[in-house]
Each structure stands twice: as C-alpha cells, then as structure tokens.
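The chain contents come next:
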Amino acid sequence: MKEYFGQIWAIAAKDLRVELRTRERVAAMGAFVVLTAILFNYAVDRTVVHPRELAAGMIWIVISLAGLLGLGRTFELEKEDGALDGLLVAPVPRDALYLGKVLANSVLLVAVTALTVAVFALFFQVRLPGNPLPLAGVLLTGTVGFVALGTLFSGITAGTRMGDTLLPILLFPLLVPLITFGAAATADLLAGLPPAESAYSLRILAAFTLVALTAGVGLFRFIVED
Amino acid sequence: MSLRTVRWVGVVLGFLGVALTILFHWQVFFWVPTEASMGIVQRIFYIHLPAAWVGFFAFGIVALCSAVYLWLGEEKLDHAARAAAEGGMIFTTIVLTSGPLWARLAWGTWWTWEPRLTLTLLLWFIYLGYFLVRSSTDNLDRGRKFAAVVGVVGALNIPLIHMSVYWFRSLHPQPVVARVDGPQLHPDMATTVFTALGAWTLVFLSLFLFRYAAARLEAYADRVEAARLDPSRTPTPEGAIVP
C-alpha cells in the first residue's frame, strides 16, 4: 500500500516539477481566469444586474473553462519523444498512473480555483464568508471531481485526431451535476447562509467526485494500453 | 446465432414493426379520443413517449454491451453497442423534435428546462461524443475501447444528471403510464400508446440486428482484405457462414 502511494506521488511529483520549471499551464490558466473576469465585467449591464449576483455561477463556468485549457495538455507533453511509452513500461499499475495525474492536475486546478475566487472578490466586490472552510470544501470537492473526469477524457482525446477540441464535447454533458450543485452551494455560502443549507449539495458533489474517481481508476487502463 | 439467422429475425421483426407502426398511426389519427384539456396536439404524446422509452432502452444496451466489451474484449459486443447507439440516436432525435413541437402548443414555448427533456438532450450529446471518439481514432481497436469507456462513464453519471435536472422545478406532467397503480389513461389511449411502444421496440430491434449483422460483415471483410495482403493470416472461421 505504501509503495502504491509512493508511485502515485512519484508521477504527481514529476508532473508538478515539469510545471514548476515551465510554468506553462499555470500561466495560461491564470491569465485566462483574469482576462475572462475582465471580459465578464463588460458583458454585464450594471444598470440591470450587478456582476456580484452572477458570481457563483460564473466562478464555476470560469473554473470549468480554465480547467479544460489545462487538462487538455495533460497528455500532450507525454506524447513528445515517446514519454508516455516510458511511463507505461515503468512497473507502475495503470490506476496509480491515473491517480498521479489526477493529483498533479488537482493541485494546479485548486490553485487556479483560489485565484478565480480572489479575482471575483477583488473585481466584483464578492464578499467571502467569515468562515472560509465550507466554501473551500465545496470548491475543492468540485474541482477534484472535475479533474478526475477530465483527466480520464483527456487521455482519450489525446489519442484521437480531433485532440483537445473533442474534450468539451465529452466532458460538458457530464458536468451538469457539478455546475448545478456547485453553483447552488457557492451562491448560498456567498450569500451568508449557514453551511448546513449546503450540506445536501456538498454530498452530491462528493458522490460525483467519488463516481468520477472510481470510473477513472477502473477504466484508465483501457485507454492507455497499446 | 449465425448471421443468417440474425438477418432473418431482423426481417421478421422489421415487417411486424412497420405493420404495427402503420396501425398505431391509424389509431393516433382516426381512432383514439381527443384529450380534453390539450386537444388535438396531445396526439404527439403517442409518438413522443414511446420514442423516449425506446431511446433510453437503446442507451441501456449500449452501456451494458460497452461494459462487458471492456471486460471480455469480445469484438461482437462492440458491434452490438454501436448498433444500439445508432438506434438510440434516432429515437432520442425523435423525442427532441416532437417534444419542442408539443411544448410550443401546450406550454407556449419551444424549450423549457424540463428535467426529462434536458436529460434526453444531454444523452444525445453524450452519445454524439461516443461516435466522434470512434470516428476520429485511427486505430480501430483503440477507437472501440475509447467509445466503450465513454459509454460506460456516461451511463454511470446518468443518475446524478437525473438528480440535477429534477432539482429544477418541473413543468412536465407527472408519469401517467408507468405508475405503480396502473396507467391513469383512457383505455383507448393506453391501447394506442402500448401499440406505439410495441411498434417502435420492434423497429428498433430490427434496425439493431441489421446494423449488428452489417458491422460483423464489415469486420469480416476487413479480415479478408488483411489476409489478401498478408497470406500468412487467414480470415477466421466466420467465413463459413458468409455466402
């Protein structure tokens, strides 16, 4: 068991080290978040509705789109110089490879999520709740669920001719539960409602994440074997 | 079951299905009583509801065949999954065309975020991805695996999507046919809807068998071609049942 976690960590550490040295994906996603928020400011007529009132839903849309941008690159780098073949001949079970990728992607996307919330708080005067833990829990659960599904599907799209363009078509129909309950819980928490009101939504988000992770662990080996 | 039997069963089911389709259209247009509150437009119901049932049934077959295909790696199961997915796309497309037409007259709007309509639209897109993944993969075998994974993951998420779409308040009528206390319908209406359901189930099964047989023949033709190019390979014994 300890060895298994060591393998997951080795994969994740490798990906994070690559990211730390190039900073490509984080830079792209971070810039995307800030620029989308700026565009959003001009897309909304402030005399009709204040952007703050749409913030909860927009935060989730921005996270999904930024995540799409970053996840699409998960296996692109591995395709260069046959890096993926190297990974596949390593004595690591396929599901550890998947979980390692999920871990690394989650770290990146959680950072981007934090940036998104900060940007919305700064630009649109979104008032963050006094106790940030419930909001952090909702965002973290949702982000990991998104990454779990997105990493599996980006493994598929990397093997097709259409590549990244196919990713939203596969991913978005399945994100309905995530957006529905994620945005609902976020809106309630930003409005200052007690966290107990969001417990139901959080449970569904957790179920979504669990289903996505289980599916990924069980199915990832079918999409990488050659 | 040999391919010849599959095709014969397909022909018989197809004839029965078309005959019943003609019969239920006669029922819909000339025989069944007009519904009191909605009027003539309610007759779309006899097309809309059976199409939805058959579409969901088809996608159930896709999920099942995809999962077992991944498990056993049996090529035939992938043929079956693809054949069912094609049928499912046809019937969900019927649901998605007849639904808005009915909604326009009954509710005064083309589209509402009605749970079952939304779920059908999302299913349509999930299985669009199923076909795109397959057709944009160069390696046939990988394409099959990719599609099967999409089919299984899609099916696993349906309960959660279902919960989400229901969370929005529903304009859609509550179930009138599939109820524990029996259908709450005029008997003639129930007869019509069940005729339509039977007709389209048969049409679907017939299309399914034909597409399945065609996929098997395509795979056989590919193997014959491969054997021609490389004489050390021989087409599998399936050659025996191909004329």
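The structure under discussion appears in the preceding block.
Residues numbered from 1 in each chain as written. Chains lettered and ligands numbered in written order. Predicted model: local features only at pLDDT ≥ 70, side-chain atom pairs only at ≥ 80, totals over all residues.

So what about the overall build of chain B? Which residues, and what values?
When you go through chain B residue by residue, the secondary structure sums to 6 helices and 0 strands. Secondary structure elements of chain B occur, N-terminal to C-terminal, as α-α-α-α-α-α. Across the 243 residues that make up chain B, the buried fraction comes to 37%. In chain B, 74% of the contacts between residues at least 6 apart in sequence involve partners at least 24 apart. (Helix = DSSP H or I, 4+ residues; strand = E, 2+ residues; numbered from the N terminus. Buried ≥ 20, exposed ≤ 12 C-beta atoms within 10 Å, placed from the backbone. Contact = placed C-beta atoms within 7 Å.)

Requested: an account of the interface of chain A and chain B, with residues and values cited.
Taken together, the contacts link 23 residues of chain A with 27 residues of chain B. Those elements that provide at least two residues to the side of chain A that touches chain B are α7 (133–157), α8 (167–171), α9 (176–190) and α10 (199–224) of chain A. Per-element accounting of the side of chain A that touches chain B gives the leading share, 8 residues, to α10(A). Residues of the side of chain A that touches chain B, tallied by class, amount to 19 nonpolar, 3 polar and 1 charged. (Nonpolar A, V, L, I, M, F, W, Y, C, P; charged D, E, K, R; others polar.)

Pulling in residues and values, what's your account of the nonpolar core?
In terms of nonpolar packing, the biggest core is built from 122 residues, with Ile59(A), Leu219(A), Ala81(B), Ala84(B), Val149(B), Val150(B) and Phe204(B) touching the most fellow members. The element best represented in this core is helix α6 (residues 187–229) of chain B, accounting for 15 residues. Setting aside chain neighbours within four positions, we find Val150(B) in contact with Ile156(A), Leu170(A), Gly129(B), Tyr130(B) and Val133(B). (Core = buried A, V, L, I, M, F, W, Y, C linked by C-beta atoms within 7 Å.)

Kindly report on the packing of α9(A) against helix α5 (residues 140–167) of chain B, identifying the contributing residues and their values.
For the pair α9(A) and α5(B), interaxial distance at closest approach is 8 Å and the crossing angle is 45°. If you check the angle between α9(A) and α5(B), you find them oblique. Crossing hand, α9(A) versus α5(B): left-handed. Side by side, α9(A) and α5(B) meet where Val176(A), Pro177(A), Thr180(A) and Phe181(A) of the first sit next to Leu160(B), Ile161(B), Met163(B), Ser164(B), Val165(B) and Trp167(B) of the second. Split into classes, the residues belonging to the contact of α9(A) with α5(B) amount to 8 nonpolar, 2 polar and no charged. (Axes fitted to C-alpha atoms, helices over the stretch in contact; angles between N-to-C directions. Parallel < 35°, antiparallel > 145°, perpendicular 65-115°, else oblique. Left-handed = near helix turned anticlockwise from the far one by under 90°.)

An account of unusual backbone geometry is requested, with residue identities and associated values reported.
Residue and element names in this part refer to chain A. Phi is positive for Arg 23, which is not a glycine, with a value near 55°. The topology assignment puts Arg 23 in the loop between α1 (2–22) and α2 (24–43). C-beta crowding within 10 Å serves as the criterion here: with 11 such atoms nearby, Arg 23 is assigned to the exposed category. One non-glycine residue, Gln 125, adopts positive backbone phi at about 50°.

Any functional reading would require information beyond the geometric quantities listed.
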